Every structure is written in structure tokens, then in C-alpha cells.
Amino acid sequence: MPSFVRHMLLIVAPLMAAFAILPGVYDNHLLLFNFVIFLILAQGVNIIYGFTGYLPFGYVGFFGAGAYGFAIMVMHLQAPAPLAVLAAGVVGVLLGLLLTPLLRLSGAYFAIANLAAALAVLHFVANPALESITKGPYGVALNGTFNPTLAYIGAVIILALTLGFVVFLRNSSFGMALQAVREDAVSAAMAGVNVVKMRVIAWLVSALVAGLAGGVFAWYVSVFYPDNVFSSDFSIFAIVFALFGGVATIMGPIVGVIILYGIYNLIGFTTPQYFQLIYGVLIMALVLFLPAGLVSLATRRGWNVP
Amino acid sequence: MLRKAITAFGLGAVMGMALASPVLAADAPAEIKLGTLYASSGRYASISMPVHAGLKLWVEQKNAEGGVYVKAFDKKIPIKLVAYDDQSNTATASTLYNQLITQDKVDLFVADSGSVLTAPAVTIARDHKMFLFDQTGTGGSFFSKDNPYIALMSDPVSTIWPKPIADFLTKDGPALGIKRVAILYSTNEFTGTQANSLRKFIKDANAPIEIVYDQGVPTETTNYTVILNNIRAAKPDAVIHLGYAPNDIAFLRNVQDVGIKFNMLFCIYPGLETELLEKNVGAKGLQHVFTYVPPSEMAYPVNFGMNIADYKKAWDKKYADGKIEFGFNAVAGYTTALVIEKTLSVATSLDQMELRKAVFSLSGNLKTLDGTFALDETGGQIGELTPLGQLELNDHGHIKFVAIYPHEVATGKPVYPKP
Amino acid sequence: MLAYPLIAGVLFGLYFSLLGIGLNLVFGVMRIVNLAHGDFLMLGAFVAFGVFYLLGLDPLLAVPLAFVLFVIVGIVLYGLLVPRLQQSRDPEMLSIILFFGLSQVIEALVTIAFGTSERSIPSRELGSLMTAAAKALGAKPEGGPVDILGQSFPAAWVISAVVSVIAIGLVYVYLYRTRLGTLTRAVMSRRDEAFATGINVDRVCAAAFGIGLGLAAIAGVFAPFMFGSVTPAFGADATVTAFVIVVLGSLGNPLGTALGGIVYGICYMLVQTFLSSWADLLPYVLLIVVLLLRPSGLLGRKVRVA
């Protein structure tokens, strides 16, 4: 069996099945929804950081832009929600295209420029001068489209597509070439890899999934302010989860989200005090003692982690 | 393969996604579960913690007395407070709100403080048909005729806050010599909406008042020196600054630091969080500043709960370490609690629509330390108004409030122009 | 109309330089992105609160105290965190997460100890010991405004600008006139070669890390005067601002930060004057434009890749 099919069968299908069954047995659907959102975002970070080495510190920019893309489609064009989610993805890609020149930067420069870009989009959307389009700082309320069940299904479909792309990256010459670029751009270019084009593709796919995620998020929450959907917590969580699990794999970010976001919620549900302290200590300990992520526990033993 | 996965998912979804509806209790429960969130850290912590502390004080006080009277079961039942920490993070807040409803099955659903953290609760409450006790989330987008599952407890909707300022400027202003007004506001829902209403009130009044400066600045702004210079260049008689507490602190300090004198200067938080502002700006910097007069200064006659003096005493006893300032937000949390207590004493069941009916039946009748509780038909608060006042120093150099407008509550005359 | 924002921009910009320079030193020497930089600023402010409210002294005395204290804290933290971090595959990126965790821990501990409210110190108390000096600068006693070219500015701005100039000057002396400083520059330009030539890189780095945190703490002493008030949550925004300034000047060149701060200060004040509601958008757009035109910052070497 080709490894692509095997990965879809063994990783993606069970995960989808789990998210299909869970709402029936566990009532906090929003928690499940947020799990799906962070799985999408962590895999989006994986696509761009894991396979190309660019750390998108302002990843939430695409997410927030997607959420507002959704809101504008619904408010001004009375678009049906699924169409508005697609438009949210398009908004993410357009913003990605606009920011493509940032890929000329490297390392921390890229990370910080991307953060600045996300903040710029936030302050742009939230400016009162744009009130007639985005409602500026006054927040949107989308009552007409509210449908948590469909929004959840939409999120799971986006997760499936995202995972499908990661599985493809992991099993294709395209993904191999990207990783070669990450390790040594010059040699890869000499070996005939079109470095720039491949990076741009990974970048735009990463922007697309965040935009789509923002769209379904807006669909589900319905009432929000710019500060809600552009909160830097989204970027930081997605990055921390992906890195904790281990990037450039399919499993890493999934494990990272399930364990770390799981622990996060467990602390939140049970410990009334010191939430932030416990979580901060945990993150530091992880970086110091498991710097290559959870999957390194397996790879160190010579196991191959998909 | 992908298609198979999606199909499998679809089947599961159909089977599994029927939402549990709230259960009606038949026998008297051992406790009434009150679910809420607070932010112990992050951007909204400083407005969230005093509100939560006020609510908590009430819970402990009532439980020490054996609980609150619940009409539905005709007996006293203790309150169980289920409170989670959302850390000012909105995604976390939405998960936790949902946890309160779906896992903890709370009887009473109370939002965190402020519009940004209240926003996720609005949709969730509506989705689960839970009535949301909105503490201080004044956002205009929360209230609509088709959503019965919300009411604002402890402060009026943003649009009616600035009414007394506008009335004072347009009715008393011309006689005092106020002709040119400058408006500076932070661009967020709470203060931006107030600026919009103020502008509209002034224009609609057709008084000889001219708005000579009207600018929004980002809410993160903490340095106003250059802006003050611009405002001075517009030669206003009155400067109305609408911002959050950190904005007011920075603004008033800059006014002192640069040595500018405006004949009339209005800020929101010297009135709402007087202790906090006095600590940060100093009593001298607040002298002659116009502001909203908070309930703590009005000594409203109450027909339910502690009056302001008793509440302050109870607060100082419980929070003796001074880490949380006593101010408007502290009163707001306790006001929410009183509305809840009164609601339980009149509601004939714990059914959410019955709770709503009970809350609305209090409108116009309930008089707490926060003033008269009054709702419009969408659940927006239109009572608990904050009059316009001015801060003066008494003989000992302490801050005192002089209520100025409306005239029926006035305790003195405005000092204008600032000497 | 133009003179006022220009002078204000230079004064405030000099302070912004101080705000960023510690971050830049740490990044330049260790390639570590100190996401907790703003939290050390916040801690510096709390040192000032202690000096003023507990000891009843001029907050200006907190400057040497905060510096010494945080140099020590920095050296200890360096020993605890950095060697482990440097063993990992991508320390530059992982440092972002590690120091995010640290910033959470610091904010949580300060919140637990002091609560969440805004705090500050009356403006006239800054430099109360040096009223004579303030008089010489043209101020009236009682911390009144200072006249520069017929315009009045807060005395605190002038004092902090002066301290900033002194601090930046001392950083220059350290880097170019001391042995440890020369070694620091050697490590900055060629880390591996510095290793090979037998430089005790750990000692150089620990010193740079300590000085970096010390400088952040000094900037923090002035934060209550420059930003009105400080809360335990102050750090996150301060970190982002510091990044913008550092990247404007150029990452890894501490002296470029001085220029970055002034450019930032002037631009900010100009936008606040003419387009006040867009004032927060500008720094980010400025950052992106500068990075795209001169990827290494205004005074940097070439770092662009591919």
C-alpha cells in the first residue's frame, strides 16, 4: 500500500471518525470545535514552518482576516455561510499574496515582520474609519447565519483537507524538495529546485487554511470584536502546539494539540488559581527537556514517525 | 479515502449532534449553581477582577446565612459558585462558557466583565437557551429584539452614558461661556460608542456649541503630549476625553506634566475608579476634573441589599490587602449579585425563560446601591444612570464629588472656568 | 505645528531606543529572541515602585539598583536556560517559545504578588533629588514642564532621554573600549570562529544576557512616567514595540537601535499629530516597508536569503 494511502487510512480517517463521534458523547461542543480549530492552525504552522523553516509569528493575521472576510460576505452580500467560509479562505490567500515579499526575509526577521503584518491588519480592520465595512471597533453580530452544527462540520472538513495536504507533503517529491530547501537552500536551488515558487505555494496554502479556519470560527461565534479574532494567543498557541508535538511530521502537531491543549483545558477546568503560572512553567519545561518535540521520543529510538 | 472519511463523519454527526436541552429540576436541589468567568491575567484582568470580587463577596455572605431564598422551592438554598479563569483569552473564554452550560449544568449563567469577554457568551447563551446575566458588557451588538436570552445588569448601554454631559454642555454651557468643545476618544466599543452618541446629542440640540476637535486614538495609546498640543491649538472651552482607565491616567498625567490648563476637562474614570486614579494621578491632578458620578458617591436609597456604606465596609474587611481597588467595577459585581438574588426570590421556577421574566419584572422596581435597575425591551440597561459631576478637594486635600447635572440631583455649582 | 511633534519624537524616541537596546544585545550575541523582554521592563517598574513606596526615595535611584539586580538575574537565568536551549536543533526559533513561557511565569508571579491594577509614581517624584539639575535644564521645581525651543515638554521625558543617551553611550564604551566588549562583538559577528579561537563564549554571552536584562529593567524604571501606569500585563505590548524598534535599527546591531528608536518616535508623533486614529498602524507598516527595502534594518549588514 502506498504510504500516502496508508497515512490517510491510519491517521486522518480515525481522527475524522473521532471528531464525528465525540459530539454525541461529550456535550462541550465548543471545546471540540476549538480542538479542531487549533488542529487546523497547528497544521497550518506545520506547513509553513515545518516544511520551509519560516516561523509565522503573526499567523493570526490570516485567521482574523478570514473571520472578517466571512463577516463582510454575510453582512454586505447576504452570502450563505458555506460560501462565506470559502471567501474567508480567499481573503487569507490574498493577504498571503500581499505578504509574499516577506519571504525574502530570514529567521527572526521574517517572524517579526509577520507579527507586524498581523498587527497592521488588526489596526486596519479595527479603525473607526472603516466602520461602514468592518464595523470598526464596534464588533460584528451575525445572527442570521448562526448554526453551530454546520460550522463544526465545516471545521472538520477543513481539517481533513489540511491534513490531506500535509500527508501529501510528507509523501511527495514536492514535500521532500521543500525540506531540502529548508536544510540548504543553495544546494537545493543548484539541484534544480524552484525554491521561490515552492515556498510561495506552501505559504499560500498555509494562509488559505488559516483563512478558512477564521471563517468557520466567525460562523460559530457570530458575535465578536477585532480583539477576539486577532488575539495573538491564536498564533502563539498554534506555534507552541506544533513545535511541542514535532514539526515536519503529520502526527507531531496532532499529538501536540491533543496533549498540550488537553492539559491547558484540564488546568482551566480544574485549577481555579495559578492557571497562567502552571502553563508557563510547563511550556518552559517542554522546550528545555523536549526541544525536538514529543515525536523525538520515538525518532530517538529509531522509529519512523509519519 | 478522503470521501469515505467525510461520509463517516457525516453519519456520526447526524447521530450525535442533538443538543441536550436544559433540564427542569423537580425537587429542591442542594445548591444553586452560579457559573461565571473572570480574567486573572492579561489585558482585561484589571477590569475583571474587581467585578468578580464583588460577586464572590455576595456568595460568601449569603452562604454564611444559609443560602439565598429561592421562591421556586420556597426555601433557602446555598449558592455554589463555579468560576473559571479565562486569562483574557477569548477562545478560552468560549470553551469555558460552554463548559459551564454543558458540563457543570449551571442554573445561572453570568458573563465575565467588559464587552470583549462578554461577546463569546452572547451567542453561546442564545444557542443553549440560557439567560445571560451580562454584568458590564455594554456592546450595542449584544441586544436585539429577537434575542430574549440576555440582560445588562450593572451599567447602562454605552449609548446613553454621555447624555448628562451633552445636556450640560448644550443647556448650561452657553450661559457659562462654553462654545467650543473638543472630543478625544479611544477607538473601542465602550468609549467610541459614547463619543458617537455625544456628538449626536450635541448636534441634535441645536445649541450654539461648536465641536472644534474630534479625534479617535487607538485604545493602546498611553501618551498624549502631542495630542494635547493639537487640542490646545483648537482653543476649546471644554475637552471631553473618553477612554479606559489607563488612557485616563496617561492623559491626566500628561495634562499636568505639560502644564496645560483647560477651562473644562471631562474624563470617565476619575469618577468610576476614583481610588485607582487618585493613586496614579494624585489628588491635585483630579481637582476640578468633570466626570461621571458613580453610585458610590450618590448614596442611592436602596430597597434591596446593602447600601453603599455597608458594602464598602464589607469590602474593606474582605479585601484588606488593597490589591483590588474599590470602585465602580466593585459595585457592578455586587449589583449583578443583587439582581440575581432578587430574581431567585420572585421566579417561580429555575426555567431560563421564567428567570428572564423575573429579571424584567424587577425593571423600575429594584433599587440597589447602583441606582434604579431598569431595562428596555431588548435587555439593555437604561437605569443606573451616572450623573455629571466635578471633583473638588475638601479642606483636608481629599477628593470629593459635586454632582452637577441633571439639576434635580445636583449638590453644587460647576467650577468654570478652571481657576 | 511641526516643531512640537519633531522634538517630542526625538525625546520619546531616545527612550524607545533604551527600551529596545537590551533586546537587541541579547539577540545579537546569542541569536535568542527574548519574548519576555517587556516583562523585564515591567519588573524594572516594580523596582521603581519599591524604591519610591517602600524606601521613600527618588525613583531615579532605582536605575542603578534595577540594573545591578537584573544583571545578576540575567546571569543566573542564562545559566539555567540558555546552554540547554543551544543544544537543540533550532535554538533561535525555540527561544521564542521558551521565553514566551518565561513571560507567562513572570506575569503570573507578579499578578499573584501585587494584583492586576494599574500602578504608577507621581511625575514630580522623578529626579526629586536633583531638583537643582532639573532647574538647570529650565524646569520649575515640582517637576513642572521643561521648555525646549519655546515648547513645553514633560520633565520625565527629558530626564529619561538623558538617561537613555548615557546608557547607550555606556553600551558603546562597553562594546568598543573593554576587553569583554570586544569579545562580545567577536561572538556577534562570527560565533563559531569565536569558539574556535578559544574565547569563553559562555562567559561573554552570560554577560551580554545580564546587561540586556539590566538595560530592560532601567527602561522599566521610566515606564510609569512615560506610559502613565504599568500593570503586570504590560510586558506583551512593550515587547512588540521593542521588536519594531530593534528591527528598524537592525537586529544584532545595538547601536542601530538608537537610530531605530528616534525614527520610530518621530514617525509615531507625526502620525499622532496628523492622523491620530491610525497611529498604531504606522509602526508596523513602517517596519514592513523598511524590512522589504533594507531587509537588515537601517544600519544592518545583509541578512537576506535566497
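Fair warning: this is a prediction, and the values are worked out from it, not measured in the lab. (Residues numbered from 1 in each chain as written. Chains lettered and ligands numbered in written order. Predicted model: local features only at pLDDT ≥ 70, side-chain atom pairs only at ≥ 80, totals over all residues. Heavy atoms only, no water.)

**Student:** For this particular structure, what's the right way to read the overall build of chain B?
**Tutor:** The number of helices and strands found in chain B is 15 helices and 16 strands. Scaling as 2.2 N^0.38, a compact globule of 419 residues should have a C-alpha radius of gyration of about 22 Å, and chain B matches this with 23 Å. In terms of its C-alpha atoms, chain B occupies a principal-axis envelope of roughly 70 × 60 × 40 Å. For chain B, the residues scored as buried account for 63% of the 419 residues in total. Summed over all atoms, the accessible surface of chain B reaches about 14,500 Å², with 54% contributed by carbon and sulfur. Charge-centre separation for chain B: the mean point of 39 positive side chains lies 2 Å from the mean point of 42 negative side chains. (Helix = DSSP H or I, 4+ residues; strand = E, 2+ residues; numbered from the N terminus. Rg over C-alpha atoms; globule rule 2.2 N^0.38 Å. Buried < 20%, exposed > 50% of the residue type's maximum accessible area, 1.4 Å probe, protein only. Areas by Shrake-Rupley, 256 points an atom, 1.4 Å probe, with all protein chains shown as cover. Lys, Arg positive; Asp, Glu negative; His and termini not counted. Charge placed at Lys NZ, Arg CZ, Asp CG, Glu CD.)

**Student:** Where do I start with the overall build of chain C in this structure?
**Tutor:** The helix and strand tally for chain C stands at 12 helices and 2 strands. Along its sequence from the N terminus, chain C presents helices and strands in the succession α-α-α-α-α-β-β-α-α-α-α-α-α-α. In terms of C-alpha radius of gyration, chain C reaches 19 Å, essentially the compact-globule figure of 19 Å for 306 residues. When the backbone C-alpha atoms are referred to their principal axes, chain C occupies close to 55 × 45 × 40 Å. Per-residue burial for chain C yields a buried fraction of 65% across its 306 residues.

**Student:** In this structure, what is going on with the interface of chain B and chain C? I would like to understand it.
**Tutor:** Bring the parts together and some accessible area is lost; that lost area is often taken as the interface size. Taken together, the contact pairs 33 residues of chain B with 42 residues of chain C. At the boundary of chain B with chain C, total buried surface from both sides reaches about 3,000 Å², with 46% on carbon and sulfur atoms. For the interface between chain B and chain C, the tally reads 1 salt bridge. One salt bridge in this structure joins Asp 237 of chain C and Arg 43 of chain B, with 3.0 Å as the shortest N-O distance. On the surface where chain B and chain C come into contact, there are 21 residue pairs in polar contact (both at pLDDT 80 or more). Only helix H2 (45-64), strand S9 (210-217), helix H7 (225-233), helix H8 (245-258) and helix H10 (274-281) of chain B provide two or more residues apiece to the side of chain B that touches chain C. Of the residues in the side of chain B that touches chain C, the class split is 11 nonpolar, 14 polar and 8 charged. (Contact = heavy atoms within 4.5 Å. Buried area = accessible area lost by both parts, 1.4 Å probe. Salt bridge = Lys/Arg side-chain N within 4 Å of Asp/Glu carboxyl O. Polar contact = N/O pair within 3.5 Å; in protein donor to acceptor, adjacent residues only side chain to side chain. Nonpolar A, V, L, I, M, F, W, Y, C, P; charged D, E, K, R; others polar.)

**Student:** Which parts of the structure should I look at to understand the interface of chain B and chain A?
**Tutor:** Taken together, the contacts link 49 residues of chain B with 49 residues of chain A. Linking chain B with chain A are 1 salt bridge, by the criterion used here. With its nearest N and O atoms 3.7 Å apart, the salt bridge here joins Lys 105 of chain B to Asp 27 of chain A. There are 15 residue pairs in polar contact (both at pLDDT 80 or more) connecting chain B and chain A.

**Student:** For this particular structure, what's the right way to read a nonpolar patch on the surface?
**Tutor:** All names here are of chain C. Where nonpolar side chains cluster on the molecular surface, the patch consists of Leu 54, Leu 55, Leu 57, Leu 61 and Leu 129 and spans about 540 Å² of accessible area. Structurally, Leu 55 can be placed in the loop between helix H2 (37-54) and helix H3 (62-86). The class of Leu 55 is exposed, set by a relative accessible area of 56%. (Patch = residues over 30% accessible without salt bridge, like charges linked within 9 Å, V, L, I, M, F, W, Y side chains within 5 Å.)

**Student:** Would you mind going over the sheet that holds strand S1 (residues 32-38) of chain B with me for this structure?
**Tutor:** Within a sheet, neighbouring strands are paired by backbone hydrogen bonds and run either parallel or antiparallel to one another. Residues and elements named next belong to chain B. Read from one edge to the other, the open sheet built from 5 strands follows the order S4-S1-S5-S6-S7, with strand pairing classed as parallel. Strands with a single pairing partner mark the edges of an open sheet, and in this sheet they are strand S4 (79-85) and strand S7 (150-152). Strand-to-strand twist in this sheet, taken as the mean axis angle between neighbours without regard to direction, amounts to 20 degrees. Pairing geometry for S1 and S4, over 7 bridges, is parallel. Bridging across to S4, Tyr 38 finds its partner in Asp 85. Running over the sheet, H2 touches S1, S4 and strand S5 (108-110) and is turned about 160 degrees from S4. Most of the contacts of helix H4 (residues 115-127) go to strand S6 (residues 132-134), to which it runs at about 160 degrees, and overall it touches S5, S6 and S7. (Pairing = 2+ DSSP bridges. Axes fitted to C-alpha atoms, helices over the stretch in contact; angles between N-to-C directions.)

**Student:** Mind showing me how you'd approach helix H4 (residues 81-98) of chain A here?
**Tutor:** Note that an α-helix has 3.6 residues per turn; residues three or four places apart therefore point the same way. Residue and element names in this part refer to chain A. Taking 1.5 Å as the rise per residue, H4 with 18 residues should run 26 Å; its terminal C-alpha atoms sit 25 Å apart, in good agreement. Residues of H4 that are buried include every one of Ala 81, Ala 84, Val 85, Ala 87, Ala 88, Gly 89, Gly 92, Leu 95 and Gly 96, and no others. Buried-residue contacts for H4 involve helix H3 (60-77), helix H5 (107-125), helix H7 (148-171) and helix H10 (195-221). (Expected span 1.5 Å × (residues − 1).)

**Student:** Sorry, what's going on with the nonpolar core here?
**Tutor:** Considering soluble globular proteins, one finds that nonpolar side chains tend to be buried as a cluster. In this structure, Leu 41, Phe 70 and Phe 224 of chain A, Phe 109 and Leu 169 of chain B together with Phe 40 and Phe 222 of chain C are the most contacted members of the largest nonpolar core, which totals 352 residues. The leading source of residues in this core is helix H9 (residues 201-226) of chain C, at 19 residues. Listed in part, the 44 residues of the second largest apolar core include Tyr 311, Ala 347, Leu 350 and Leu 369 of chain B. (Core = buried A, V, L, I, M, F, W, Y, C linked by side-chain atoms within 4.5 Å.)

**Student:** For this particular structure, what's the right way to read the pattern of salt bridges?
**Tutor:** When the charged atoms of two side chains lie near each other, side chains of opposite charge can form a pair. Residues and elements named next belong to chain B. Inspection of the entire model under this criterion finds 18 salt bridges over all chains. A salt bridge links Arg 199 to Asp 214, with the nearest nitrogen and oxygen atoms 2.5 Å apart. You can see Arg 199 sitting in helix H6 (residues 189-205) and its partner Asp 214 sitting in strand S9, a full 15 residues away along the chain. Its relative accessible area of 17% is what places Arg 199 among the buried residues. Between Lys 312 and Glu 275 there is a salt bridge whose closest N-O contact spans 3.7 Å. Of this pair, Lys 312 sits in helix H13 (residues 308-318) while Glu 275 sits in helix H10, and the two are 37 residues apart along the sequence. For Lys 312, a relative accessible area of 29% puts it in the partly exposed group. Residue Glu 275 is classed as partly exposed on the basis of its relative accessible area of 30%.

**Student:** Which parts of the structure should I look at to understand the confidence of the model for chain B?
**Tutor:** Averaged over chain B, the pLDDT score is 90; the fraction of residues at 70 or greater is 94%. Every residue in residues 1-25 of chain B is under pLDDT 50, and counting partners more than four places away or in other chains gives 29 contacts. (pLDDT = per-residue confidence, 0-100.)

**Student:** How should I be thinking about the pairing of S1 of chain B in this particular structure?
**Tutor:** Sheet faces and side chains relate simply in a regular strand, where the side chains alternate between the two faces. All names here are of chain B. Most of S1 sits out of view: 6 of its 7 residues are buried. Two strands pair when backbone bridges link them, and S1 and S5 are joined in this way by 2 bridges, in the parallel orientation. The residue bridging Gly 35 from the neighbouring strand is Phe 109, located in S5.

**Student:** Teacher, can you tell me more about the packing of aromatic side chains here?
**Tutor:** Two measures describe an aromatic ring pair: the distance that separates the ring centres and the angle between the ring planes. Per the stated rule, a full pass over the model turns up 63 aromatic pairs over all chains. Geometrically, the ring pair formed by Phe 63 of chain A and Phe 217 of chain A is tilted, given 5.2 Å between the ring centres and 55 degrees between the ring planes. You can see Phe 63 of chain A sitting in helix H3 and its partner Phe 217 of chain A sitting in helix H10, a full 154 residues away along the chain. Comparing Phe 63 of chain A with Phe 217 of chain A, the two get one shared label, buried. With a centroid separation of 5.6 Å and an interplanar angle of 75 degrees, the aromatic rings of Phe 110 of chain A and Trp 203 of chain A are classed as edge-to-face. Remark: Trp 203 of chain A occurs in helix H10 and Phe 110 of chain A occurs in helix H5; sequence separation between them is 93 residues. Residue classification places Trp 203 of chain A among the buried positions, given a relative accessible area of 0%. In this arrangement the basic side chain of Lys 163 of chain B is found over the ring face of Phe 201 of chain B, its NZ or CZ atom lying 4.8 Å from the centre. (Phe/Tyr/Trp six-rings, centres within 6.5 Å; stacked < 30°, edge-to-face > 60°. Lys NZ or Arg CZ within 6 Å of the ring centre and 35° of its normal.)

**Student:** I tried to follow the side chain of His 7 of chain A on my own but got confused; where do I start?
**Tutor:** Residue and element names in this part refer to chain A. The residue His 7 is located in helix H1 (residues 3-25) in this model. Here the side chain of His 7 touches Asn 171 through a polar contact of 2.9 Å, side chain to side chain. Sequence-distant contacts of His 7, that is, excluding residues within four places in its chain, are made with Val 12, Val 167, Arg 170, Asn 171, Ile 250 and Pro 306.

**Student:** I keep staring at the pairing of strand S15 (residues 388-393) of chain B and nothing clicks. Help me out?
**Tutor:** Residue and element names in this part refer to chain B. When you tally the buried positions in S15, you get 5 out of 6 residues, the bulk of the element. The pairing of S15 with strand S16 (residues 399-405) spans 6 bridges and is antiparallel. Its bridge partner lying in S16, Glu 392 is registered against Lys 400.

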